[in-house]
Amino acid sequence: MTKFYDFTVKKQDGTEVSLSEFKGKVLLVMNTATDCGFTPQYDDLQALYNELSGEGFDILDFPSNQFEQAQGTDQEIFSFCRGRFGISFPQYSKVELEGENASPLFKWLVENTEFGGFDLNDEIGAWLDEEFRKADPEYDKKSSIKWNFTKFLIGKDGEILKRFEPTTPVSVIKEEVKKAL
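Residues numbered from 1 in each chain as written. Predicted model: local features only at pLDDT ≥ 70, side-chain atom pairs only at ≥ 80, totals over all residues. Heavy atoms only, no water.

K.L.:
I keep staring at the packing of aromatic side chains and nothing clicks. Help me out?
P.N.:
The relation between two aromatic rings is expressed through the spacing of the ring centres and the mutual angle of the planes. Inspection of the entire model under this criterion finds 15 aromatic pairs. Centre to centre, the rings of phenylalanine 62 and phenylalanine 106 are 5.4 Å apart; their planes meet at 80°, and the pair counts as edge-to-face. Here phenylalanine 62 is found in strand 4 (residues 57-63), whereas its partner phenylalanine 106 is found in helix 3 (residues 104-111), with 44 residues between them in sequence. Using a relative accessible area of 2% as the deciding quantity, one classes phenylalanine 62 as buried. Between the aromatic rings of phenylalanine 118 and phenylalanine 132, the centroid separation amounts to 6.0 Å while the plane-to-plane angle is 25°, which identifies the pairing as stacked. You can see phenylalanine 118 sitting in the loop between helix 3 and helix 4 (123-135) and its partner phenylalanine 132 sitting in helix 4, a full 14 residues away along the chain. You can call phenylalanine 118 buried: its relative accessible area is 8%. Residue class for phenylalanine 132 comes out partly exposed when judged on its relative accessible area of 22%. Through a chain of ring-to-ring contacts, three or more aromatic side chains come together here, namely Phe115, Phe118, Phe132, Tyr139 and Trp147. The cationic tip of lysine 146 hangs over the ring face of phenylalanine 115; the distance from NZ or CZ to the ring centre is 4.6 Å. (Phe/Tyr/Trp six-rings, centres within 6.5 Å; stacked < 30°, edge-to-face > 60°. Helix = DSSP H or I, 4+ residues; strand = E, 2+ residues; numbered from the N terminus. Buried < 20%, exposed > 50% of the residue type's maximum accessible area, 1.4 Å probe, protein only. Lys NZ or Arg CZ within 6 Å of the ring centre and 35° of its normal.)

Dropping the structure here:
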């Protein structure tokens, strides 16, 4: 049975990293995009990282152009995120979330979680729900990643603790991270 620590990923500079290097840490793994309505979440995510990284917490940021909102090279994306939002948590090489070239890590994350639904009180969440429902009335029954800034909370033992959809406020995620620490 595959575990989180069995995967190897590429940093944005192309070097490979075994996720076993993160054993014993609480992790937030996410797919992101620089040209997305949720991109301002980087501010709150960086604040979360600043507050809790000294307690055994880390964020693993995987840009993805799956929804055509992460144009540019890995270096351009990294420079944008560092310059605009001051991110200091690790950013990895761009990944695909679906299809034959999908990242094995994200395939595993999706296979082992369920879609939690968009917050319909959130303007973007309501719009996303409406658009997805037009294309597939049963879209919410599938576990696939629906949009950028989907996040997965990984416990110290490498188990998936929770999945957060893009409309989940970082304040809610913070409480879950604190419980896991």
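The structure having been displayed, the exposition proceeds.
K.L.:
Got a minute to help me understand the side chain of lysine 151 in this structure?
P.N.:
The topology assignment puts lysine 151 in strand 5 (residues 150-154). In this structure, lysine 151 is buried with no salt-bridge partner, the nearest side chain bearing the opposite charge being glutamate 165 at 8.5 Å. Side chain to side chain, lysine 151 and glutamine 41 meet in a polar contact 2.8 Å long. A polar contact of 2.6 Å, which involves the side chain of lysine 151, links it to the backbone oxygen of phenylalanine 149. Once you skip the residues sitting within four places of it in the chain, lysine 151 turns out to touch Leu28, Val29, Met30, Gln41, Leu45, Lys162, Arg163, Phe164, Glu165, Pro166 and Ile173. (Lys, Arg positive; Asp, Glu negative; His and termini not counted. Salt bridge = Lys/Arg side-chain N within 4 Å of Asp/Glu carboxyl O. Polar contact = N/O pair within 3.5 Å; in protein donor to acceptor, adjacent residues only side chain to side chain. Contact = heavy atoms within 4.5 Å.)

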